[in-house]
Amino acid sequence: MRSLAYLLCLNFLGSTASGNFCSTSLFQADGHYMVGGLFSFGTSTVGDIAGRSKPELLECGSFYDMGFVFALAMRFAIEEINNSTSLLPGVRLGYEIYDTCFEPLVAMQPTMLFLTRQNSTGVDVNCNYTDYNTRVIAVVGPMTSAMSMTMGKLFSFFKVPQVSYAASRNDLSDRELFPSFFRTIPSDKIQIEAMVEVIRFFRWNWVAAIGSDDEYGHGGLELFSSLTSGRDICTAFENTIPTNGNDPAAKETFAETVKQINNSQANVILLFADEVSARPLLAEWVRLGLGPKVWMASDGWATSPLIMSLPGVLNIGTILGFTVQGRQIPGFDDHVLKVFKAAPMESLCWTSRDGFFPSAEPSTLQTYQCQDCDYISFDNISSALKSNYTYSTYAAVYSIAHSLHNLLKCNSGACLEIPNITAWQLLEEVRRVQFRLNNLSFHYDDFGNLNTGYNVLLWHERNSSVQYSTFGSYTNGTLDVDQNQIQWHTRNNEVPGSMCNNKCGEGQIKRMRGFYSCCYDCVDCMEGFFKRTPEDETCTRCPPQTWSPARSSECYNQVLKYVSWENPFAVLLLVLISLVILLILAVAGLFLKNLHTPLIQSSGGKMCFAILLSLLVACGTSATFIGKPNKYTCAIQQPLLAFSLTTCLALFLVKLLKLVLAAELSHCPNIYLEWLHGKGCWLIVALCLLIQSAICFWYISVVPPKVETSDSESEHEILLHCSTQSLVEFGLLLSLNGGLACICFLCTFLVHTPSGKYNLARGITRALLLYFIAWIFFIPTYSTVQDSYKPVVQVSVILLCTQGILGAFFLPKCYLLWFRPERNTSAFFGSTTDEPTSIKAPREQQSNNK
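### Notes on the pattern of salt bridges
Link 1 in the chain: Following the criterion strictly, the structure yields eleven salt bridges and no others.
Link 2 in the chain: Between Arg135 and Glu96 there is a salt bridge, and its shortest N-O distance comes to 3.0 Å. On the criterion of sequence distance, the pair formed by Arg135 in the loop between helix H2 (104-114) and strand S6 (138-140) and Glu96 in strand S5 (residues 93-99) is long-range, its members being 39 residues apart.
Link 3 in the chain: Overall, Glu96 belongs to the buried group, its relative accessible area being 7%.
Link 4 in the chain: Note that Arg231 and Glu197 form a salt bridge whose closest N and O atoms lie 3.5 Å from each other. Within this pair, whereas Arg231 is found in the loop between helix H5 (215-228) and strand S10 (234-241), its partner Glu197 is found in helix H4 (residues 188-201), the two being separated by 34 residues in sequence.
Link 5 in the chain: A relative accessible area of 23% places Glu197 in the partly exposed class.
Link 6 in the chain: In this structure, a network of salt bridges that share partners links the residues Arg169, Asp171 and Glu215.

Given below as structure tokens:
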């Protein structure tokens, strides 16, 4: 194990005496409560770890500037806390910070030291560690997931709170395995979720996934595979790369991986590794000069100065990175600069080994000469100051301090003096701590993760150096991206495509091709079917009363179709109805003007107005067949029509009975003729109407028409119409009128008019013939025609029927009244007059002739 004595050597301090050794006083300080720190100041170990035959001390190799900066951030935070009057007033925190060299074996020695009993270098073997006081009450670090998992089980056994500032593997959230582990960054699961959302945002579905051959890389690949399952994202291929790029065998692996990536159709490569593993792969790509692609960098190398300094690194394409959210620590840059300015002070450097571990025995101490310190300056580490993990380290220290503040029940002035505080007591406070730092609120969730998210970065060149900027974030499950800030490597700055197939359009389903779910053919949904959700693999039939065109992603409500007032047929029918009504009114006016003339009296007198009124009502009934039907219009349509026609036919029957009795049944007693000419005619009409009313009441009560919908010729329309429940009952409704019409028609053949006289029965005969023609046409047509045309058919029949009666019975009389008034005499109409006195004349004439 090597402490920071490795770093602050005489050369680093500016001394010319290269043979002296480094001091650790910068990273050690006494206090009431000690906090341990595990940071990586070196990136590798000297020598072969696998070939080590004895458990001797490992020596670290090259210098790692970020680890040095993170350690300074811990030191800076503790100094701030010790100088604070509101946080832990009167309590001083001490610290011991040691190097892990990115190697769990190296980190084992300081870990064991932290677990020793207070003021000793030995670990007691007890059955119960409840009263056991470890050397430190909490530990900040280590940096990597692999080291955290190794050290975490030891810290968990002793219930020592361990707060990592960079270990992100999701396995560390397992509270059964690591009950005392916390971290001030989100887990890898959140990072992978952010990566998946970015992939989905840019509509990529064909991705290569590369991970380092360690816990970090394997965990990331495993999470990526699980989170992309069922999200239309496929892995073109998956591979791991060595963690030791200096191994000769590793170079062959890097070359083979680069070849696989280049030969694939995947234009997006997710590289989940630390900078030590990622740099050789990217260097090989740059060396071969291969085409640009989109590289998605995990937080392990997304802000790595080591890779940013790689010549030509931006030639590999567009680099999108993911790093934890953070901010600049106020005053930290000035603090680091002050440390460097104070470095030449002789008090910070000595040649003795004494004081490395103030409480340790001399045999446990070791220092190393700093081989890289000749090249360290403030400018060398200034880029590391921008790392968000610096703020994570800062927040980790403050979370421990606030937890201790709560445990000691501190107020603004002082804290309680609680002797023998143990680490497990502090652990309980860390689990529920809530604190504010730089106007931000923080707390740990049930899995030990701090409530932060990830920033999405873009690498670019500025001032001849590679830098990065933030263009998006992923917080609380929401991706926020400003893609206008992205400069892609493509022409016209278009988003690069990376798909085995283009995404199917709306209303298309996937028909898989081959093994991968992202390789498919797109098939259109047929008419009447739709693709309900983007994840659907089959088309769904539209629900009733809805429709869809081909290749649709939704169904539409069918438009209600009926004979509306704006329909051209309806307009034509309304014009005809209006003309018939005007004609009826004109006839009524003409008849009223000539009411007492022989022509009108012989035609029925006042009964003519009742017939005209019934025809007027029948025409008015036609209007109920136009417009949007409802239960009321459907209920009155047929009964009102039948009732109006019954009135007309009953009056015709009465008139014909008069003619038959007057002209043909001369032997009939006068009392019957007088009764028929008096109240009897209206009793007959009333009886017919009473029978028809009963039939209508039965029809409405038993089988009333109702509003129904049915399919139309067009799929996007649905027909709304009045439905007759039974054609048999509908026929019974019209049966009385049919019977009256037949009786009237037979009666017309019993009437014989003398020559030279007006034949009144002939007009009724023609009217009834037109009536029969209209309804004979109606019955088969109505029963076979589509529902959409039934209202038009019935209105047409009503108009034909009313116009036939009007034209055959009334218009000839109007012609005589208007153009042949000279014939409007008793001599021409005398034998057919409705007056009782006129009935006797033919009888007397007949008896005289005998």
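That covers the picture; the talk isn't over yet.
### So, the pairing of strand S17 (residues 465-475)
Link 1 in the chain: Bridge count for strand S16 (residues 454-462) against S17 is nine bridges, and the pairing is antiparallel. Bridging from a neighbouring strand, His460 pairs with Gln467 of S17.
Link 2 in the chain: Hairpin connection from S16 to S17: two residues lie between these consecutive antiparallel strands, with Asn463 at a positive phi of about 55 degrees.
Link 3 in the chain: With four bridges joining them, S17 and strand S18 (residues 478-481) adopt antiparallel strand pairing. Paired with Gly472 across the bridge in S18 is Val481.
Link 4 in the chain: Where S17 folds back onto S18 in an antiparallel hairpin, the turn is made up of two residues, including Asn476, whose phi is positive at roughly 55 degrees.

### A few points about the sheet that holds strand S9 (residues 206-212)
Link 1 in the chain: The strand order across the open sheet formed by eight strands is S10-S9-S11-S12-S13-S16-S17-S18, and the pairing between neighbours is mixed. Here the strands that pair on one side only, and so sit at the sheet edges, are S10 and S18. Between one strand and the next, the sheet's axes are offset by a mean angle of 25 degrees, whatever the strand orientation.
Link 2 in the chain: Taken together, the five bridges between strand S13 (residues 317-324) and S16 define a ladder with antiparallel strand orientation. In the strand pairing of S16, Thr323 is matched with Asn455.
Link 3 in the chain: Sheet strands in contact with helix H7 (residues 275-288) are S9, S10, strand S11 (268-272) and strand S12 (293-297), and its direction is about 170 degrees off that of S12.

### Things to note about the state of the cysteines
Link 1 in the chain: Taken as a whole and assessed by the stated rule, the structure comprises four disulfides.
Link 2 in the chain: With its sulfur 1.9 Å from that of its partner, Cys542 forms a disulfide with Cys555. Where Cys542 bonds to Cys555 through sulfur, the torsion about that S-S bond is close to -85 degrees, and the disulfide is left-handed. Here the residue Cys542 occupies a position in the loop between strand S22 (540-541) and strand S23 (546-547), and Cys555 occupies one in the loop between S23 and strand S24 (556-557), the gap between them amounting to 13 residues.
Link 3 in the chain: Judged by its relative accessible area of 10%, Cys542 falls in the buried class.

### Overview of the environment of Leu87
Link 1 in the chain: If you trace the backbone, Leu87 turns up in the loop between helix H1 (65-82) and S5.
Link 2 in the chain: Judged by its relative accessible area of 7%, Leu87 falls in the buried class.
Link 3 in the chain: As a C-alpha pair, Leu87 and Ala414 span 327 residues in sequence and 9.2 Å in three-dimensional space.
Link 4 in the chain: Every residue in contact with Leu87, bar those within four places of it in the chain, is listed here: Ile81, Tyr398, Ala401, His402 and His405.

### Describing the packing of helix H18 (residues 727-748) against helix H19 (residues 760-784)
Link 1 in the chain: Viewed as axis vectors pointing N to C, H18 and H19 meet at an angle of 155 degrees, and their least axial separation amounts to 10 Å. Of the possible angle classes, the one that applies to H18 and H19 is roughly antiparallel. For the pair H18 and H19, the sense of crossing is left-handed. Seen from H18, the contacting residues are Leu727, Phe730, Leu734, Asn737, Ala741, Cys742, Cys744, Phe745 and Thr748; seen from H19, they are Ala761, Ile764, Thr765, Leu768, Leu769, Tyr771, Phe772, Trp775, Phe778, Tyr782 and Ser783.
Link 2 in the chain: Each residue belonging to the contact of H18 with H19 can be placed in one class, and the counts come to 16 nonpolar, four polar and no charged.

### A few points about helix H3 (residues 145-157)
Link 1 in the chain: Look at H3: 18 Å from first C-alpha to last across 13 residues, which is about the 18 Å you get at 1.5 Å a residue.
Link 2 in the chain: Contact partners of the buried residues in H3: strand S2 (33-39), H2, S6, strand S7 (162-164), strand S8 (181-183) and H5.
Link 3 in the chain: Near the N-terminus of H3, the side chain that reaches the backbone nitrogen of Met147, with its oxygen 3.3 Å away, is that of Thr144.
Link 4 in the chain: Looking one or two places after H3, you find Lys159, whose phi comes out positive at around 60 degrees.

Definitions and cut-offs
Residues numbered from 1 in each chain as written. Predicted model: local features only at pLDDT ≥ 70, side-chain atom pairs only at ≥ 80, totals over all residues. Heavy atoms only, no water. Salt bridge = Lys/Arg side-chain N within 4 Å of Asp/Glu carboxyl O. Helix = DSSP H or I, 4+ residues; strand = E, 2+ residues; numbered from the N terminus. Buried < 20%, exposed > 50% of the residue type's maximum accessible area, 1.4 Å probe, protein only. Pairing = 2+ DSSP bridges. Axes fitted to C-alpha atoms, helices over the stretch in contact; angles between N-to-C directions. Contact = heavy atoms within 4.5 Å. Disulfide = S-S within 2.5 Å. Parallel < 35°, antiparallel > 145°, perpendicular 65-115°, else oblique. Left-handed = near helix turned anticlockwise from the far one by under 90°. Nonpolar A, V, L, I, M, F, W, Y, C, P; charged D, E, K, R; others polar. Expected span 1.5 Å × (residues − 1). Polar contact = N/O pair within 3.5 Å; in protein donor to acceptor, adjacent residues only side chain to side chain.

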